[in-house]
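Single-letter residue listing:
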Amino acid sequence: MVYSFVSDTIFPSLVIKLHMQGRRSGSRIPEALYDQSGKQRQSLEIVSPRQKWHTHDSRHFLIFQFKYARHTILNAQVLVLRVSAPYMLLKLKSLLEGHPQFGISRDTHIFRSRSSRSPEMAPPILSLALPSETGRVLSIQSHTVQGYVGNKSAVFPLQLLGYDVDPINSVQFSNHTGYPTFRGQVLNGQQLCDLIEGLEANDLLYYTHLLTGYIGSVSFLNTVLEVVNKLRSINPELTYVCDPVMGDEGKLYVPLELVSVYREKVVPVASMLTPNQFEAEQLTGFRIGSERDGREACNILHAAGPSKVVITSINIEGNLLLIGSHQKEKDQSPEQFKIIIPKIPAYFTGTGDLTTALLLGWSNKYPDNLDKAAELAVSSLQALLQRTLNDYRSAGHSPQSSSLEIRLIQSQDDIRNPQVKFKSEKYK
């Protein structure tokens, strides 16, 4: 059953659906609340009449009464500022955590009541009010008008996999920098702050995931760290997926001082890291010359913070590998695996950005099976690269002559439903 509560003009009316949950043993709730399987599935009434709103020191409070069978079980007072619906849900979850006999069911939805909306009130943001089963991603990366790198390479695949994605473009260029010339603009830290403040002012800053890619300055990267803290103050369970784009094949293409910021500040707050071999070496100070070295680099990064690490490409004795590592508990050894990747005699742009987006998308769908997520990501990528190679050849262009723009749109079926042709091999 769904119960509603009303409010005054401070906060729109909401509808909240709660279930009592738990097991028979140790619970004080009457036996009648249990179904035949022994689980509690009865609803809990929320009582919050209009007069329960009150103000103290210019702060607004809402008092909830939780009742069952007309008896008050729990009284609680919740501080209400500029609160979005998902934020209110988090407050309720936090409130109920101290009372283990209650909980919010997984299919809980919060949305604005049509009956209480004034003519001037904006319609709800449906990605917040009716969130997808996958999540809502804020992606801070580069952008090109033509071609597929940065956000242009990451947003579309994530949308195909069912995610709502909001992009912030760290740069906006006419084309990628591999062309003879390019034009465009670079976003600075203050401009990033302005965008975040605009979202916050309208209660739009609830995200399940943050994805970052190429960042060209220390000041901008420090601002990104502030964004991480802000997003986690709203959703403590935010997953931060970081592609620490710094260089490749022994060469940095960002300022040297960025390396220490990544190592000392970004790695500790990341949930998942996706460096290439060179970037992993920069972050760990550890040279990778073998598979064992790759696994040890993952261990070093785990100790610094992230539970998931995927070194997306390691070149060892002419063989190309992906090495993944998932430390499910801090005091446990990580589960590690490798995927052998075929070498394609060409250079493509945007592949690292695409790989990280696919790893985010699939690892969220298979949170306990990073190896399966990597298999899906690699299989999608390889199908896309082969299509790109074939299309350039069909156009009469030698793939070895220049960097190739990936055929992203033409490969959407391979992104949405990849055929897994590249299997992982677990290390023992």
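Residues numbered from 1 in each chain as written. Predicted model: local features only at pLDDT ≥ 70, side-chain atom pairs only at ≥ 80, totals over all residues. Heavy atoms only, no water.

## Here we look at the environment of Val 420
Thinking step 1. In this structure, Val 420 sits in the loop between α11 (412–416) and β23 (425–426).
Thinking step 2. For the pair formed by Val 420 and Lys 372, sequence separation is 48 residues and the distance between their alpha carbons is 9.3 Å.
Thinking step 3. Apart from residues no more than four positions distant in its own chain, Val 420 is found in contact with Glu 375, Leu 376 and Ser 379. (Helix = DSSP H or I, 4+ residues; strand = E, 2+ residues; numbered from the N terminus. Contact = heavy atoms within 4.5 Å.)

## Quick look at the packing of helix α3 (residues 151–160) against helix α9 (residues 351–365)
Thinking step 1. The geometry of α3 relative to α9 is characterised by a closest axis approach of 8 Å and an angle of 25° between their N-to-C directions. In terms of orientation, α3 lies roughly parallel with respect to α9. In this structure, the crossing between α3 and α9 has a hand that is right-handed. Residues Ser 153, Ala 154, Pro 157 and Leu 158 of α3 lie in contact with α9, whose contacting residues are Asp 353, Leu 354, Ala 357, Leu 358, Leu 360 and Gly 361.
Thinking step 2. Its residues placed into classes, the contact of α3 with α9 shows seven nonpolar, two polar and one charged. (Axes fitted to C-alpha atoms, helices over the stretch in contact; angles between N-to-C directions. Parallel < 35°, antiparallel > 145°, perpendicular 65-115°, else oblique. Left-handed = near helix turned anticlockwise from the far one by under 90°. Nonpolar A, V, L, I, M, F, W, Y, C, P; charged D, E, K, R; others polar.)

## Quick notes on the side chain of His 143
Thinking step 1. Secondary-structure assignment places His 143 in strand β10 (residues 136–144).
Thinking step 2. For His 143, the contacting residues outside a window of four places in its chain are Lys 152, Asn 169, Val 171, Gln 172 and Phe 173.

## Quick look at the pattern of salt bridges
Thinking step 1. As enumerated under the stated definition, the model contains nine salt bridges in all.
Thinking step 2. The partner of Glu 291 in a salt bridge is Lys 338, and the shortest N-O contact between them spans 3.2 Å. Taken together, the residues span a long stretch of sequence, with Glu 291 in helix α8 (residues 291–304) and Lys 338 in strand β20 (residues 335–341) at a distance of 47 residues.
Thinking step 3. Here Glu 291 falls in the partly exposed class, since its relative accessible area comes to 26%.
Thinking step 4. Using a relative accessible area of 12% as the deciding quantity, one classes Lys 338 as buried.
Thinking step 5. Across the pair Asp 371 and Lys 426 runs a salt bridge, and its minimum N-O distance is 3.7 Å. In this pair, Asp 371 sits in helix α10 (residues 370–394) while Lys 426 sits in strand β23, placing the two residues 55 residues apart along the sequence.
Thinking step 6. In this structure Lys 426 comes out as exposed when scored by relative accessible area, which is 55%. (Salt bridge = Lys/Arg side-chain N within 4 Å of Asp/Glu carboxyl O. Buried < 20%, exposed > 50% of the residue type's maximum accessible area, 1.4 Å probe, protein only.)

## Regarding the environment of Cys 242
Thinking step 1. When you line up the elements, Cys 242 lands in strand β14 (residues 239–242).
Thinking step 2. Taking the C-alpha atoms as reference points, Cys 242 and Leu 211, 31 residues apart in sequence, are found 5.9 Å from one another.
Thinking step 3. When sequence neighbours within four positions are dropped, the list of residues in contact with Cys 242 reads Thr 212, Tyr 262, Val 266, Ala 270, Met 272, Leu 273 and Thr 274.

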